[in-house]
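# Observations on the model geometry
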Amino acid sequence: QVQLVESGGGLVQPGGSLRLSCAASGFTFNSYAMNWYRQGPGKERELVARITTGGGSTNYADSVKGRFTISRDNAKNTVYLQMNSLEPEDTAVYYCNAHRTDWRGNYNYWGQGTQVTVSS
């Protein structure tokens, strides 16, 4: 059974930091690129950060570059999102996503999401 379980969300003041974690099970974690998405109130879901299978390459949305860092530990089947200098605009539900494409098809797994609220 595939599971992605996010944790680490919460309420933080502007300028603060949070570290999100996503623990994966039920699939070959190190064969999947891992992504963090978010969906703010009244907004569409957007890609925040992406990391390749081995962790050697990362990409970020322009809105979070220089503030957020994605990383993964393939030994622990876990992906992280370190969020610094948080702004009210970062308020959203953050989702972990596992993605792989091969000759058999396109595979996408999602977590249930964790709420991040940035407010004074």
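Residues numbered from 1 in each chain as written. Predicted model: local features only at pLDDT ≥ 70, side-chain atom pairs only at ≥ 80, totals over all residues. Heavy atoms only, no water.

### A closer look at the overall build of the chain
Check the secondary structure of the chain and you find zero helices and 11 strands. By its C-alpha atoms, the chain is 45 × 25 × 25 Å across when sized along the principal axes. Out of the 120 residues in the chain, the part that is buried amounts to 40%. Contacts in the chain between residues far apart in sequence, at least 24 positions, make up 54% of those at least 6 positions apart. Only carbon and sulfur atoms are counted for the fraction: they give 45% of the accessible area of the chain, which is about 6300 Å². A gap of 7 Å separates the mean positions of the 11 positive and 9 negative side-chain charges of the chain. (Helix = DSSP H or I, 4+ residues; strand = E, 2+ residues; numbered from the N terminus. Buried < 20%, exposed > 50% of the residue type's maximum accessible area, 1.4 Å probe, protein only. Contact = heavy atoms within 4.5 Å. Areas by Shrake-Rupley, 256 points an atom, 1.4 Å probe, with all protein chains shown as cover. Lys, Arg positive; Asp, Glu negative; His and termini not counted. Charge placed at Lys NZ, Arg CZ, Asp CG, Glu CD.)

### Examining the sheet that holds strand β7 (residues 68–73)
Strand pairing in a sheet is mediated by backbone hydrogen bonds. Such pairs are either parallel or antiparallel. Judged by pairing direction, the sheet is antiparallel, and its four strands sit side by side in the order β1-β3-β8-β7 without closing on themselves. Each edge of the open sheet carries a strand with a single partner, namely β1 (3–7) and β7. Shown here is a sheet whose adjacent strand axes are inclined to one another by a mean of 15 degrees, direction ignored. Relative to strand β8 (residues 78–83), β7 is paired through six bridges, and the arrangement is antiparallel. Residue pairing across strands places D73 opposite T78, the latter belonging to β8. (Pairing = 2+ DSSP bridges. Axes fitted to C-alpha atoms, helices over the stretch in contact; angles between N-to-C directions.)

### Describing unusual backbone geometry
Of note, the phi angle at N77 is positive, near 55 degrees, even though the residue is not glycine. Residue placement: N77 occurs in the loop between β7 and β8. Positive phi is not limited to glycine here, since S85 has a value of about 50 degrees. Locating S85 in the fold gives a position in the loop between β8 and β9 (92–102). Judged by relative accessible area, S85 falls into the partly exposed class, the value being 41%.

### A closer look at the pairing of β7
Along β7, the buried face is formed by F68, I70 and R72; none of T69, S71 and D73, which line the opposite face, is buried. Between the antiparallel neighbours β7 and β8 lie four residues, among them N77 with a positive phi of about 55 degrees.

### Quick word on the state of the cysteines
Applying the stated criterion to the full structure yields one disulfide. Across the disulfide, C22 is cross-linked to C96 (sulfur-sulfur distance 2.1 Å). On the sign convention where negative is left-handed, the bridge of C22 and C96, at about -80 degrees about the S-S bond, is left-handed. Of this pair, C22 sits in strand β3 (residues 18–25) while C96 sits in strand β9, placing them 74 residues apart in sequence. Judged by its relative accessible area of 0%, C96 falls in the buried class. (Disulfide = S-S within 2.5 Å.)

### A few points about the pattern of salt bridges
One pass over the full model with this rule turns up seven salt bridges. For E87, the salt bridge is made with R67, and the minimal N-O distance between the two is 3.9 Å. Residue E87 is located in the loop between β8 and β9, and its partner R67 is located in the loop between β6 (58–60) and β7; the two are separated by 20 residues in the primary sequence. Each of R38, E46, R67, E87 and D90 takes part in salt bridges that share partners, so that together they form one network. (Salt bridge = Lys/Arg side-chain N within 4 Å of Asp/Glu carboxyl O.)

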